[in-house]
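Here is how the chains run, residue by residue.
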Amino acid sequence: MRTRVAIIGAGPAGPLLSHMLHLAGIDSVVLETRDRAYVEARQRAGVVEHGAAELLQRVGLGERMEREGIVHSGIELRFSGHSHRVDFTDLCGRTVRIWAQTEIVKDLVARRQADGGQILFGAQATAIEDAKGDRPKVHFVRKGSHQVLECDYVAACDGFHGIGRRSLPRQAVRTFDRLHPFSWLGVLADVAPSSDELIYARHERGFALHSLRSEHVSRLYLQVPNDTDPAQWSDERIWDELSERMALPGWELKQGPIIDKSLTPMRSFVTEPMSHGRLYLAGDTAHIVPPTGAKGLNLALNDVSLPAQAFIALYTHGDHEPLQEYSNTALRRVWRAEHFSAWMTHLLHTFEDAFENRLQHDHLEFLASSRAASTQLAENYTGIPHL
Ligand code: APR
Ligand code: PHB
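Residues numbered from 1 in each chain as written. Chains lettered and ligands numbered in written order. Predicted model: local features only at pLDDT ≥ 70, side-chain atom pairs only at ≥ 80, totals over all residues. Heavy atoms only, no water.

Chemist: What's the story with unusual backbone geometry in this structure? I'm lost.
Modeler: Generally, phi is negative for residues other than glycine and the peptide bonds are trans, each holding for most cases. Across the junction of E272 and P273, the peptide omega takes the value -10°, indicating a cis bond. One can find P273 in the loop between β17 (258–272) and β18 (275–276). Even without a glycine there, the phi angle at S80 is positive, about 45°. For D130, which is not a glycine, the phi torsion comes out positive at approximately 60°. Mapped onto the elements, D130 comes out in the loop between β9 (123–129) and β10 (137–142). (Helix = DSSP H or I, 4+ residues; strand = E, 2+ residues; numbered from the N terminus.)

Written out as structure tokens, the structure is:
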């Protein structure tokens, strides 16, 4: 089996790269361990930055997002019993879309299949051979049989636990890693959202976030200790805790059946460089952000738009430079997102340290009173265009 670009992973990153290459007439094959139903149902992120939404529109994948996604022009910060709205449109002229990662993946997979693209579900990549040579190979197992995919280039879009990052020789990479001292207990609830906009709430009992998936489905999160077992949290306890952490006079949290519960560890992680020979890393395999800044999905989409353009420059104009520059270019946005995500996390979560908590309170007061400080948040949240 042979293709030009072998892509590992069918989260949002892999199929988007495959689709963008297809638009330029460059063939690729996507290998995905799981089955289609699994990747389409996995609950993940839900906020698409201004630029990432434009990217999806540009490559013909924006139609359902435009129709069914919800444009948000601000977020609400809640702390010390009051509320402050950060107005994105006013502060930086950009917005975000509420559009679930599951929907992006569904559209991508359907589109690749309609275009005759190859996404091999149930195909687990086991090794990347000869990344430094001219003819790399990806070994994979499908339906119990070992197969080899020969290619010009390998794009590893196989998430944090994939083989992509681990295929780089240890001496060729540097990693930066921080596990934050709390996790998020996330729930999906069959109830209309209690607010038109996302609510980021800082409370002495811990952080809480109110998000949504649609006009009928709410997505909510609670800061919890790292060793939390979601099964130990009854629905009643979750609703009580959310209500208390987000309490505001005259506002009520709507409750309904909880249809999904999961725990998300809070990690900041970067691998440098994001390439080695003919192997390129994109998305979660190369970097992880804590979800407070809603950046993981956006980084993954942005990462793959770079090699897509770079492969097009190479195959259509013989220009190697964008591919050589991929890691440097991608890492500029990655580090901006790492800083913003760690900053938002630090701003809103409760720590053991009383001094730290007092500083946070002052910082939030400053944000609420300073247009310059709010603009910084708005610019980063909606995505900085030139990066
Ligand atoms: N062979 C084939 N597929 C693999 C392998 C392997 N060895 N290892 C992992 N995969 C698949 C996983 O099953 C998964 O479907 O790679 C895919 C990686 O997808 P994601 O984890 O969604 O990663 P990515 O496309 O980079 O998207 C990042 O996902 O975790 C969220 O918040 C994050 O929104 C961000 C996005
Ligand atoms: C979500 O809707 O899942 C979500 C929204 C905002 C975040 C993180 C997650 O910061």
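So much for the structure itself; the text now carries on.
Chemist: Is there a simple way to explain the layout of surface pockets in this structure?
Modeler: It is the rolling of a water-molecule-sized probe over the atoms that shows where space remains empty. Estimated volume of the second largest pocket: approximately 340 Å³. Looking at the second largest pocket, it is lined by 21 residues, and the ones nearest its centre are G51, A52, N302, R333 and P385. Of all the secondary structure elements, the ones that give two or more residues to the lining of the second largest pocket are α3 (50–58), α8 (296–317) and α10 (326–348). In terms of residues, the lining of the second largest pocket owes the most to one element, α3, which gives 6 residues. (1 Å grid on protein atoms, 1.4 Å probe; cavity = no way out; pocket = protein on both sides within 12 Å on 5 of 7 lines; lining within 4 Å. Points joined across faces, edges and corners; volume = space filled by probe spheres on them.)

Chemist: I keep staring at the sheet that holds β10 and nothing clicks. Help me out?
Modeler: Adjacent strands of a sheet form backbone hydrogen bonds with each other and so pair up, either parallel or antiparallel. What the 3 strands build is an open sheet, ordered β9-β10-β11; its pairing is antiparallel. Each edge of the sheet is formed by a strand with only one pairing partner; in this case those strands are β9 and β11 (145–150). This sheet shows a mean twist of 25° between the axes of neighbouring strands, independent of strand direction. As judged from the 6 bridges shared by β10 and β11, these two strands associate in the antiparallel manner. Looking at the pairing, F140 lines up with Q147 of β11. (Pairing = 2+ DSSP bridges. Axes fitted to C-alpha atoms, helices over the stretch in contact; angles between N-to-C directions.)

What is shown is where atoms sit, not what they do.
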